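Here is how the chains run, residue by residue.
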Amino acid sequence: MAYGAAVLALVLVAVLVTGVVLVRRPFPQTSGEIEVPGLSAGVEVLRDANGIARVYADTAEDLFYAQGFVHAQDRFFEMDFRRHVTAGRVSELVGEEGLETDRYIRTMGWRRVAEQELALLSADTRSYLEAYAAGVNAYLEDTGTGALGLEYVALSLNGLDYTPEPWTPVDSVAWLKAMAWDLRGNMTDEIARVLTARDVGAARAAELWPDYPEDRHRPIVEGGGVVDGVFEAEATGPGTRKPARPPLGPGVERVLEEVLAGVERLPVLVGRGNGVGSNSWVVAGEHTSSGLPLLANDPHLGISVPGIWHQMGLHCRTVGPECPFDVGGFTFSGLPGVVIGHNDQIAWGFTNLGPDVVDLSLEQVRDDDTARVGDGWEPMEVRREEIRVLGRDEPEELVVRTTRNGPLLSDVSEQLREVGGGDGLSIKWTALRPGRTADAIFALNQARTWDQFRDAAALFEVPAQNLVYADRDGTIGYQAPGRIPQRRPGNDGRTPTEGWRTENDWLPRPVPYDALPNLTDPDDGFIATANQAVIGSDYPYFLTDDWSYGYRSQRIVEVLSEAIEEGRKLDVDDMSRLHLDSRNGFAPYFVPYLLDVLMPAGHQAAGQELLADWDFTQEADSAAAAYYNAVWAHTLRLTFHDELSDDVRPDGGDRWFEVMRSLLEQPDSVWWDDVTTDGVIEDRDDILRQAMQDARDDLVRHQARDPENWTWGHHHRMDLVHTPLGESGIGIVEWLFNRGGYEVGGGDSIVNATGWTASEGYQVDWAPSMRMVVDLADLDASRWINLTGVSGHPFHPHHVDQTDLWVRGETLPWHFTRSAVEDATEDRLVLTPRGSG
């Protein structure tokens, strides 16, 4: 968002003259008593030393009312900005710079779908959503806009005259669309395959998407098959897979480039990137010191301030039909319930399953708003919407055209709209069909057995997640849920399809839920999921070919297997240490090739010498890790940048581990040759030698001449950027809202997944958004940590009070029982019905 010099001056004056008042004004009341309308009885909100709230109520409606009130206290601007994004109304807050986002979101119709979903939800869920909205609105009623968040003060200096609208249930449901979008799977890979083929031809492009290495990295569920429509873990038998489609012909690249660039500019509300995923694992009680399971989870999502999650406990004073909740964990501000966590009987965690739930369809369209279907033409659905823009007197009209496959994303591009009839690109996505994921959240919160958990998971349609499970009876389990389309033979979802061909249509019904992979109490005593292949290639239904390549998951498997084979009993501390594991799984393969390259004696070889006794871990203070990752980035640059366009260059993630694993065995592959050097044909060792020289120069320039003084953390910094004010371009605004400079270890495709993009730099792009370990034997012995803190208010004591702990790999006690919560309580707020006294 761009500000002028006058606005900057106003901000400076405001901060200098009234800074303390403005900053502290949004800090909420967290002790004493507040009268609010609409409660049936008093509700207690107990906060611990980190401001984490535990809510106690007599009815479910009062419980979620209070959750809405607390979310609004801590995070209302975040909630409000999120609903503006999901409704395609960002321009109302920030002006012209929000227009592209609004056009895309309105074109896809996220809020329209949310409105349709609301009618499908159970009566109980709708009641909880209404109660939550009432709680949010109770807080808004008695709080002025400036007191809701410092962000509104900053935006007002840019001309925003604004009073937030009341919160509605649709605002909550629409957030699930943002979650689904950021975790949508392989949509960008579909485009990248075509653009890569444009650059180097279809055969060479295929080399850059290797098959999943089943022989080295085991899937989540080994074996199993579908018998009479039901998945059975012990069944065997061959499956049928869809053949790959032939490459697309020329003429579509411009459409794909425009759409790829546009969607990549949308706000990242949850997380995005090939490295974005999660780790989760669960260990059976026979291998734990307590005798009951341990469950661990750390979702890897986009980094921001405030962080994605808001920790909370939701407790009915008496658990029963009127109030069936006794649950704690990680919540999304704006959405009632607990998304990941545990109740008094079970625990669960998520990793992104990543199925192919999006197809991009090339469309032949005409100026008369018709699209080709087979050999004929059919009318498209056309609707017009108005987008209000801050600073404009008149709204912008948006024309949305939808084919039988879905809305035309290509219409958002001004350049493509000017072309008129011709090629278009539509999106067919499971999240654009109404579903019942909101029901799933409340069902998970109430589940008490594996069967009830599976029933709840059946409702979790988008985004499809790997669900791990443990209960206090000792059961551990895994379930793959989600609405996953069935495609016809010839359409494998790897590239955009010709939308006018009916043979590319999805089958009427998705993959049956009962046929999706699941597992309980495996013989080896643990289950590990980290976005690797869910199941082997002989599974009869096509889920995706674009899994993570299993480097993180295999490391988790190795660590747990080693402990079990040695007969060690695992505890909470062991799980926390595994969260922080920083071993690079590709380095043991790559480093020997680097050490075999003869380097000039002296300073050029100094970096190479660090690798000789490196243990392949990437701690923040590691000199060898700093050098290795610089070599990796330069190797990718020297190998691929001469032939690949900017939009498809290597990000350095585990797909590129597999690509390079193959190329290292081919010292004379054409990929090693730099096509920009006339008369010279480079081989593998030429490129590796130059990469090591460039890496050393890079580190000398940015860190120190002496390799012993290099550190990975100095290069690999984490900056927490506020949305939308953190990239305003104005120093004082960014100082107010951003936090950063954290030096961290870990890396891409490592268990401690602090991801970075090799083509852009070493800074952290995504990270574990939280870490949790649940001890089913003693829930009060569980541990958790958030990336930032519960408060969204800059300079509040709980704004980033967990970040330093997170960086150091520490966690907080996770109090659950009433006695433990009481012992940890620092602030006690009682919400009472207005007029009850």
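All values derive from a computational prediction rather than experimental measurement.

Student: Could you clarify how one ought to interpret unusual backbone geometry in this entry?
Tutor: Leaving glycine aside, a negative phi is the common case for residues, and trans is the common case for peptide bonds. Each neighbour pair has its own omega, and for Val305 with Pro306 the value is 0 degrees, a cis peptide bond. Considering the arrangement of structural elements, one finds Pro306 in the loop between strand S7 (294–302) and strand S8 (310–316). Residue Pro724 is reached from Thr723 by a cis peptide bond, and omega for that bond is 10 degrees. Positive phi values are uncommon outside glycine, yet Asp521 reaches one of about 45 degrees. Examined against the element boundaries, Asp521 turns out to sit in the loop between strand S21 (518–520) and strand S22 (526–529).

Student: Looking at this model, I keep getting lost on the environment of Pro164. Mind explaining?
Tutor: Its location among the elements puts Pro164 in the loop between helix H8 (150–156) and helix H9 (169–182). Excluding anything up to four places from it in sequence, Pro164 contacts Phe76, Asp80, Arg83, Thr145, Leu148 and Tyr152.

Student: Before we go on, may I ask you to explain the nonpolar core in this structure?
Tutor: Nonpolar side chains in soluble globular proteins tend to end up buried together. Ile427, Trp429, Tyr478, Phe586, Phe640 and Leu831 are the most contacted members of the largest nonpolar core, which has 235 residues in total. Grouped together as the second largest cluster of nonpolar side chains are 18 residues, Leu294, Ala296, Ile556 and Val773 included.

Student: In this structure, what is going on with the packing of aromatic side chains? I would like to understand it.
Tutor: Two numbers describe a pair of aromatic rings. These are the distance of the centres and the angle of the planes. This model, assessed by the stated rule, comprises 44 aromatic pairs. Judged by centre distance (5.5 Å) and plane angle (80 degrees), the ring pair of Tyr128 and Phe325 falls under edge-to-face. With Tyr128 in helix H6 (residues 123–141) and Phe325 in the loop between S8 and strand S9 (326–331), this pair connects stretches of sequence that are 197 residues apart. Like Tyr128, the residue Phe325 is buried in the burial classification. Aromatic side chains Trp614 and Phe616 sit 5.5 Å apart centroid to centroid with 70 degrees between the ring planes, which places their arrangement in the edge-to-face category. Accessibility classification places Trp614 together with Phe616 in one group, the buried group. Three or more aromatic residues link up through ring pairs in this structure, and these residues are Tyr551, Phe586, Tyr589, Phe590, Tyr593, Trp614, Phe616, Tyr628, Trp632 and Phe657. Between the NZ or CZ atom of Arg366 and the centre of the ring of Trp377, over which it lies, the distance is 4.2 Å. Over the face of the ring belonging to Trp806 we find Arg771, whose NZ or CZ atom lies 4.6 Å from the ring centre.

Criteria and thresholds
Residues numbered from 1 in each chain as written. Predicted model: local features only at pLDDT ≥ 70, side-chain atom pairs only at ≥ 80, totals over all residues. Heavy atoms only, no water. Helix = DSSP H or I, 4+ residues; strand = E, 2+ residues; numbered from the N terminus. Contact = heavy atoms within 4.5 Å. Core = buried A, V, L, I, M, F, W, Y, C linked by side-chain atoms within 4.5 Å. Buried < 20%, exposed > 50% of the residue type's maximum accessible area, 1.4 Å probe, protein only. Phe/Tyr/Trp six-rings, centres within 6.5 Å; stacked < 30°, edge-to-face > 60°. Lys NZ or Arg CZ within 6 Å of the ring centre and 35° of its normal.

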